[in-house]
Amino acid sequence: MNISVKEKAGVGHECKAAPRKLALAGNPNVGKSVVFQALTGMYAEVSNYPGTTVDVTTGSFGPFTLIDTPGVFSLSGFNDEEQVTLSAVTDCDCILNVVDGTHLERDLFLTLQLLSLGKPMLVAVNLMDQVEKNRIRLDLSGLSAALGVEIFPVSAKKGTGIKALRSALSADSLRTPARGRSRGEAPGISDDGASARTRLEADRLAERFVRYSGQKTVFSQKLGRAVLNPVLGVPLMAGLLCLIFLFIGKFLSQTVVDFTEGYLMSECYYNFIFGLISRILDPDSFAGVLLIGEYGVLTMVPIYLLGLLLPLIVGFYLCLALLEDSGLLPRIAVLCDRLFTRFGLNGKAVIPMLLGFGCVTMALITTRILGTKRERLIATVLLCIAVPCSAQFAIIMAVASILPPFYFFIYGGSILMLFFLLGSLLARFLPGSSSDLFLVLPPLRLPGAKNVLRKTAMKSKHFLRDAGPMFLAGSLLISTLTYTGGFAAIHQALIPLTEGFLKLPGETAALFLMSIIKRDLGAACLYSMVSQDLLSFPQMTVALTVITLFVPCFASVAILFKEQGPLAAAAIWLGSFAAAFLLGGLLAAWLV
Amino acid sequence: MRLSDAAKGSFLFVVALPPGEIKSQGIRLGLLPGAPIRCLSVLPGGPVVLLLGNQEIAVGRKLASRIQVRRWGGERSKDR
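What counts and how
- Residues numbered from 1 in each chain as written.
- Chains lettered and ligands numbered in written order.
- Predicted model: local features only at pLDDT ≥ 70, side-chain atom pairs only at ≥ 80, totals over all residues.
- Heavy atoms only, no water.
- Contact = heavy atoms within 4.5 Å.
- Buried area = accessible area lost by both parts, 1.4 Å probe.
- Salt bridge = Lys/Arg side-chain N within 4 Å of Asp/Glu carboxyl O.
- Polar contact = N/O pair within 3.5 Å; in protein donor to acceptor, adjacent residues only side chain to side chain.
- Helix = DSSP H or I, 4+ residues; strand = E, 2+ residues; numbered from the N terminus.
- Nonpolar A, V, L, I, M, F, W, Y, C, P; charged D, E, K, R; others polar.
- Buried < 20%, exposed > 50% of the residue type's maximum accessible area, 1.4 Å probe, protein only.
- Patch = residues over 30% accessible without salt bridge, like charges linked within 9 Å, V, L, I, M, F, W, Y side chains within 5 Å.
- Areas by Shrake-Rupley, 256 points an atom, 1.4 Å probe, with all protein chains shown as cover.
- 1 Å grid on protein atoms, 1.4 Å probe; cavity = no way out; pocket = protein on both sides within 12 Å on 5 of 7 lines; lining within 4 Å.
- Points joined across faces, edges and corners; volume = space filled by probe spheres on them.
- Core = buried A, V, L, I, M, F, W, Y, C linked by side-chain atoms within 4.5 Å.
- Phe/Tyr/Trp six-rings, centres within 6.5 Å; stacked < 30°, edge-to-face > 60°.
- Pairing = 2+ DSSP bridges.
- Right-handed = clockwise from strand over helix to strand, strands pointing away.
- Axes fitted to C-alpha atoms, helices over the stretch in contact; angles between N-to-C directions.

Visitor: It is not clear to me how the interface of chain A and chain B should be interpreted in this structure. Could you clarify?
Guide: The figure often quoted for interface size is the accessible area lost as the parts come together. With 32 residues of chain A at the contact, the number on the chain B side is 35 residues. Summed over both sides, the interface of chain A with chain B buries roughly 3,100 Å², with 57% coming from carbon and sulfur. Our count for the contact surface shared by chain A and chain B stands at three salt bridges. Between Arg331 of chain A and Glu56 of chain B there is a salt bridge, and its shortest N-O distance comes to 3.7 Å. Our count for the chain A to chain B interface comes out at 15 residue pairs in polar contact (both at pLDDT 80 or more). Listed by contribution, the elements that provide at least two residues to the side of chain A that touches chain B are α3 (104-115), α7 (192-209), α8 (219-227), α12 (328-341) and β10 (438-441) of chain A. Of the residues assigned to the side of chain A that touches chain B, the class counts are 14 nonpolar, eight polar and 10 charged.

Put into structure tokens, the structure is as follows:
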């Protein structure tokens, strides 16, 4: 996949040179994406690298196409991220290696590997503001001479050094390959001996060019270690998570949504669109029901997507971005490790679990970061069965806040108990091995506002883009069923299940049907039933339990098929179906 | 002794890493036999957090019990 630069034809007409591919590579958490952003501006496209599910971001700057790779510590292709980065740097025309100025000796390992590829290369030393604060002295000109590459000190967060970097990336630069290094581990080969030699060389370079002038432990380091103190850390983390749940479950789902959905969308927009369309179509006609009916394409879809889901999703991804960029997320993983080993997982699994509260479909893809197939399967099952996503989670919180404490604890307790039971059973009986936690911890930092907002915006955009079509399909299906009276028929047919077994009013059949298509649709339906006082407290508890445990949505099933195969997908779907109704029936028998 | 038995705050030398992926990952970061580390925190029943150079690394309990270390009985290392 080499893009060659077209030479000027001798016949006198100019050929426009194709953009050269510049790959950004560096360790995790060095601010690669911030540098990428500083160079390319807002335009960036996330694409899936063929063959894997690890994301690669591309953008353009001047005569270059920039390719942002996942952060890796080396190029030996041990895991997906390393393989993707290795492909990207072997494919590209030139390399921009971003390193962390406060961890230079660590980062130089990858730098040496990249240099051995013999491509034109530049090095940007990021986090220079932290370097100054920690009183680290770097002899960058010496290092530059020793390595044979140009080095640019940069603070992407503050914006310093970016201008110099930009001017260095001109049409004429990066033509000559870096001085090839015959020593050092050849990338793609995981030879421990070569690794050790490269590590030694990196250490020697650091000894010559990096000076730590007797710094004492910096405040952020002390704070980071305090967070990991078991006595302090666990309540701190629990408190933080509660805060986030309250933010999303109370503030956003009630106050904000009351405004965006309750007023802006349900009144202003609805009146507008209904008035507009009813002038052309009869609202009771088929087309009318499809477009502006209760589940209409122009009514329910935008009202729920923009009024209900959007504020919740933005809030959720905002919290997640803050946790990521502050360095708290990996520390939460450390604190949770012991708990997760009980389920055959390790602390890293906290990441897909947390993501699941935003969107289980996306979280399923993230299970790729877990070490072994067994862990990926366990995390997948737990996500599909027991984790409520996005609006479902927020609506559950809203409904649960109406419940008296007794019923709330029964609901919460049932879900947690099932989670623990399922996790432990899977850990006991699934064959295979699980990996141990081995996590390089980034320092605690104050998150940069721009980066946090950019991440939030991008993830929210993707969520809407992925959720939109399913919402549309759901709306068309349900509107059709409503119009043709199919719904009434379904309600009747499922009465033994709803009224008999679960002791819920017959209309809840609609709720379950909608949950199959999109889980938040079902939750929204529950919310409206609750606000119409159609359910007693015990019934609410039963309904909440059933929809929390209910089957994964269509989008998740598609991912399940791809990642785990049809057999596992079917087993998980049927399993969650059974679990939801069995536990619901149990609670109904006891409470109602 | 095993890393999982180390005391919080102690200064140690790495003696041996278990064979496999961890060994290779460790080498790249500088976690080699002979490398000086400091045990920063031991979570009860949970991971051990160590300091390698100025890099903090969290190691799961089971893995920590397979890493051999030796206590450093000498003077304090240059604090980085």
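Visitor: Would you mind going over the environment of Phe13 of chain B with me for this structure?
Guide: All names here are of chain B. Relative to the assigned elements, Phe13 resides in strand β1 (residues 11-16). Since its relative accessible area comes to 18%, Phe13 is described here as buried. Considering only alpha carbons, one finds Phe13 and Ile57, 44 residues apart in sequence, at a separation of 15 Å. Once you skip the residues sitting within four places of it in the chain, Phe13 turns out to touch Gly34, Ala35, Pro36, Gln68, Val69, Arg70 and Trp72.

Visitor: I keep staring at a nonpolar patch on the surface and nothing clicks. Help me out?
Guide: Together, Leu339, Leu416 and Phe420 of chain A make up a nonpolar patch on the protein surface, roughly 260 Å² of accessible area in all. Following the sequence through the fold, Leu339 of chain A ends up in helix α12.

Visitor: Got a minute to help me understand the pattern of salt bridges in this structure?
Guide: Pairs can form between side chains of opposite charge once their charged atoms are near each other. All names here are of chain A. Under the criterion given, the structure shown has 11 salt bridges over all chains. Here Asp68 and Lys32 are joined by a salt bridge, their closest N and O atoms 3.7 Å apart. Of this pair, Asp68 sits in strand β4 (residues 64-68) while Lys32 sits in helix α1 (residues 32-40); the two residues are 36 residues apart in sequence, bridging distant segments of the chain. In this structure, Glu563 and Arg368 form a salt bridge, with 3.7 Å as the shortest nitrogen-oxygen distance. Note that Glu563 is positioned in helix α24 (residues 554-564) and Arg368 in the loop between α14 (360-366) and α15 (373-386), a separation of 195 residues in sequence. Since its relative accessible area comes to 24%, Glu563 is described here as partly exposed.

Visitor: Where do I start with the layout of surface pockets in this structure?
Guide: All names here are of chain A. In this structure, the second largest pocket spans a volume of roughly 1,100 Å³. Lining the second largest pocket are 35 residues, and of these Leu241, Phe245, Phe357, Phe393 and Leu416 sit closest to its centre. Residue assignment for the lining of the second largest pocket shows that the elements contributing at least two residues are α9 (230-278), α12, α13 (350-356), α16 (390-400) and α17 (405-429). Counting residues per element, the lining of the second largest pocket draws most heavily on α17, which supplies nine residues. Its residues placed into classes, the lining of the second largest pocket shows 31 nonpolar, three polar and one charged.

Visitor: What is the right way to look at empty space enclosed by the protein in this model?
Guide: Empty space left among the atoms is revealed by rolling a probe the size of a water molecule over them. Here the structure, examined in full by the defined rule, presents four cavities of 30 Å³ or more. Taken as a whole, the largest cavity holds about 260 Å³ of empty space. Residue lining of the largest cavity: 20 residues in total, with His103, Asn134, Gln221 and Pro443 of chain A together with Asn54 of chain B positioned closest to the centre. Ranked by residue count, the leading element in the lining of the largest cavity is α8 of chain A, at three residues. For the lining of the largest cavity, the per-class residue count stands at seven nonpolar, 10 polar and three charged. Here the second largest cavity defines a volume of roughly 100 Å³. Taken together, Leu241, Ile244, Phe245, Phe316, Cys319, Leu320, Leu323, Leu354 and Phe357 of chain A form the lining of the second largest cavity. When contributions to the lining of the second largest cavity are tallied by element, the ones reaching two or more residues are α9 and α11 (300-326) of chain A. Per-element tally for the lining of the second largest cavity: the top contributor is α11 of chain A, with four residues. Residues of the lining of the second largest cavity, tallied by class, amount to nine nonpolar, no polar and no charged.

Visitor: Would you take a moment to explain the nonpolar core for this structure?
Guide: In summary, soluble globular proteins display a tendency toward joint burial of nonpolar side chains. Residues and elements named next belong to chain A. Ranked by internal contacts, the top residues of the largest apolar core, which has 114 residues, are Val334, Leu345, Met353 and Phe512. For this core, the leading source of residues is α11, giving 14 residues. The residues contacting Met353, other than those within four sequence positions of it, are Phe340, Leu345, Ala379, Leu382, Leu383, Val387 and Phe419. Ranked by size, the runner-up nonpolar core spans 35 residues in total, among them Leu86, Leu104, Val123 and Val125.

Visitor: Got a minute to help me understand the environment of Val360 of chain A in this structure?
Guide: All names here are of chain A. Its place among the elements puts Val360 in helix α14. Under the relative-accessibility criterion, Val360 is labelled buried at 3%. Distance in space between the C-alpha atoms of Val360 and Val387 is 7.5 Å, their sequence separation being 27 residues. Sequence-distant contacts of Val360, that is, excluding residues within four places in its chain, are made with Leu383, Val387, Cys389, Arg519 and Ser556.

Visitor: Sorry if this is basic, but what is going on with the packing of aromatic side chains here?
Guide: When we look at a pair of aromatic rings, we describe it by the centre distance and by the angle of the planes. All names here are of chain A. Taken as a whole, this structure holds 14 aromatic pairs over all chains when the rule is applied. Between the aromatic rings of Phe512 and Phe581, the centroid separation amounts to 5.5 Å while the plane-to-plane angle is 80 degrees, which identifies the pairing as edge-to-face. Within this pair, whereas Phe512 is found in helix α21 (residues 508-517), its partner Phe581 is found in helix α25 (residues 566-591), the two being separated by 69 residues in sequence. You'll find Phe512 and Phe581 in the same group, each marked buried. Arranged with centres 5.6 Å apart and planes meeting at 10 degrees, the rings of Trp573 and Phe577 form a pair that is stacked. Note that Trp573 and Phe577 are positioned in helix α25 at a spacing of four residues, about one turn of the helix. The partly exposed category is assigned to Phe577, whose relative accessible area is 31%. Through a chain of ring-to-ring contacts, the aromatic side chains of Phe512, Phe550, Trp573, Phe577 and Phe581 assemble into a single cluster.

Visitor: How should I be thinking about the side chain of Ser556 of chain A in this particular structure?
Guide: Residues and elements named next belong to chain A. Tracing the backbone through its elements, the reader meets Ser556 in helix α24. The buried category is assigned to Ser556, whose relative accessible area is 1%. Beyond its immediate stretch of four places on either side in the chain, Ser556 contacts Val360, Thr361 and Leu364.

Visitor: Would you mind going over α21 of chain A with me for this structure?
Guide: Three- or four-residue spacings in an α-helix give side chains the same orientation, since the helix completes a turn every 3.6 residues. Across the 10 residues of α21 of chain A, nine count as buried, placing the element largely inside the fold. Those residues of α21 of chain A that fall on the buried side of the exposure criterion are Thr508, Ala509, Ala510, Leu511, Phe512, Met514, Ser515, Ile516 and Ile517 of chain A.

Visitor: So what exactly am I meant to see when it comes to the pairing of strand β6 (residues 121-126) of chain A here?
Guide: Two faces belong to every sheet, and in a regular strand the side chains alternate between them. Residues and elements named next belong to chain A. Along β6, six of the six residues are buried, which leaves the element largely enclosed by surrounding structure. The two faces of β6 match: Met121, Val123 and Val125 on one face and Leu122, Ala124 and Asn126 on the other face are all buried. One ladder, built from six bridges, connects strand β5 (residues 94-100) with β6; its direction is parallel. If you follow Val99 over to β6, its bridge partner there is Val125. Taken together, β5, α3 and β6 constitute a β-α-β crossover, and its handedness is right-handed.

Visitor: What's the story with the sheet that holds β10 of chain A in this structure? I'm lost.
Guide: Backbone hydrogen bonds are what pair the strands of a sheet, in a parallel or an antiparallel way. Taking strand neighbours across the sheet as the criterion, the six strands line up as β10(A)-β4(B)-β3(B)-β2(B)-β1(B)-β5(B) in an open arrangement whose pairing is antiparallel. The open sheet has two free edges, formed respectively by β10 of chain A together with β5 (68-71) of chain B, since each of these has just one partner strand. Adjacent strand axes in the sheet meet at a mean angle of 40 degrees, parallel and antiparallel pairs treated alike. Pairing of strand β2 (residues 36-42) of chain B with strand β3 (residues 48-52) of chain B, which is carried by five bridges, proceeds in the antiparallel orientation. The residue bridging Cys39 of chain B from the neighbouring strand is Leu50 of chain B, located in β3 of chain B. Taken strand by strand, helix α1 (residues 21-29) of chain B contacts β10 of chain A together with β3 and β4 (55-59) of chain B, and its axis lies near 20 degrees from that of β10 of chain A.

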